[in-house]
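Architecture and fold: a report
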Amino acid sequence: MKNPPAKPSQLITREFAQQLNLNYNSKKKTTDLKAKSAEKEDANAIWYSIEELERYIHYVKTRGIEDGYNVDGIRFYFGVYPDDEKHGEKAGLTTLFLVPTGKKAKTNTAKIQSFALVEEVEEESSDIQSLEPMNYGNIGRPPSLLY
């Protein structure tokens, strides 16, 4: 392989991932009385295809530029579907949705070789409210998986 990708700094061991998953499952069992009473098994894992994630990343980066943002990440939020018929079998169950983050960009009027200079305004990266979050990953069957 000519240019292998750099190893991400956020990698964790399989053992630590298993411990995180066991901790989540244990905590969820003691706090999720609502799903128990409805006799539903809640999700503890959400799956998105590489294609879906790449398409979303491309979408938010492109739309972010149009909206004047430098998209720099994606924040993952846990949620629970409303407990109504509209959400069918997902009603009352856990979900995971993605929200793009970034900083507002400002364009400098100076030009260098006909390219506008773009600088980031000194601010913390935050959720970009003008871009839509992504949801509806696959919880799989059965919904409760062990890592």
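Notes on the structure follow. Quantities reported herein were computed from a predicted structural model and do not represent experimental measurements. (Residues numbered from 1 in each chain as written. Predicted model: local features only at pLDDT ≥ 70, side-chain atom pairs only at ≥ 80, totals over all residues. Heavy atoms only, no water.)

Moving on, we get to the overall build of the protein. Looking only at helices and strands, the protein has three helices and four strands in total. Along the protein, helices and strands appear, N-terminal first, in the series α-α-α-β-β-β-β. The proportion of buried residues among the 147 residues of the protein is 24%. Put simply, 66% of the contacts in the protein that link residues at least 6 apart link residues at least 24 apart. Of the accessible surface of the protein, which amounts to about 11200 Å², a share of 57% is contributed by carbon and sulfur atoms. (Helix = DSSP H or I, 4+ residues; strand = E, 2+ residues; numbered from the N terminus. Buried < 20%, exposed > 50% of the residue type's maximum accessible area, 1.4 Å probe, protein only. Contact = heavy atoms within 4.5 Å. Areas by Shrake-Rupley, 256 points an atom, 1.4 Å probe, with all protein chains shown as cover.)

Applying the stated criterion across every chain, the model contains two aromatic pairs. Measuring from ring centre to ring centre gives 5.4 Å for Tyr77 and Phe97, while their planes differ by 15 degrees; the resulting arrangement is stacked. Here Tyr77 is found in strand E1 (residues 69-80), whereas its partner Phe97 is found in strand E2 (residues 94-112), with 20 residues between them in sequence. For the ring pair Tyr81 and Tyr136, a centre distance of 6.2 Å and an interplane angle of 25 degrees mean the geometry is stacked. With Tyr81 in the loop between E1 and E2 and Tyr136 in the segment after strand E4 (126-127), this pair connects stretches of sequence that are 55 residues apart. In this structure Tyr136 comes out as exposed when scored by relative accessible area, which is 56%. (Phe/Tyr/Trp six-rings, centres within 6.5 Å; stacked < 30°, edge-to-face > 60°.)

Counted by the stated rule, this structure contains one cavity of 30 Å³ or more. One number sums up the size of the largest cavity: a volume of about 50 Å³. Lining the largest cavity are Ile46, Tyr81, Lys90, Leu93, Thr94, Thr95, Gly137 and Ile139. Split by residue class, the lining of the largest cavity holds four nonpolar, three polar and one charged. (1 Å grid on protein atoms, 1.4 Å probe; cavity = no way out; pocket = protein on both sides within 12 Å on 5 of 7 lines; lining within 4 Å. Points joined across faces, edges and corners; volume = space filled by probe spheres on them. Nonpolar A, V, L, I, M, F, W, Y, C, P; charged D, E, K, R; others polar.)

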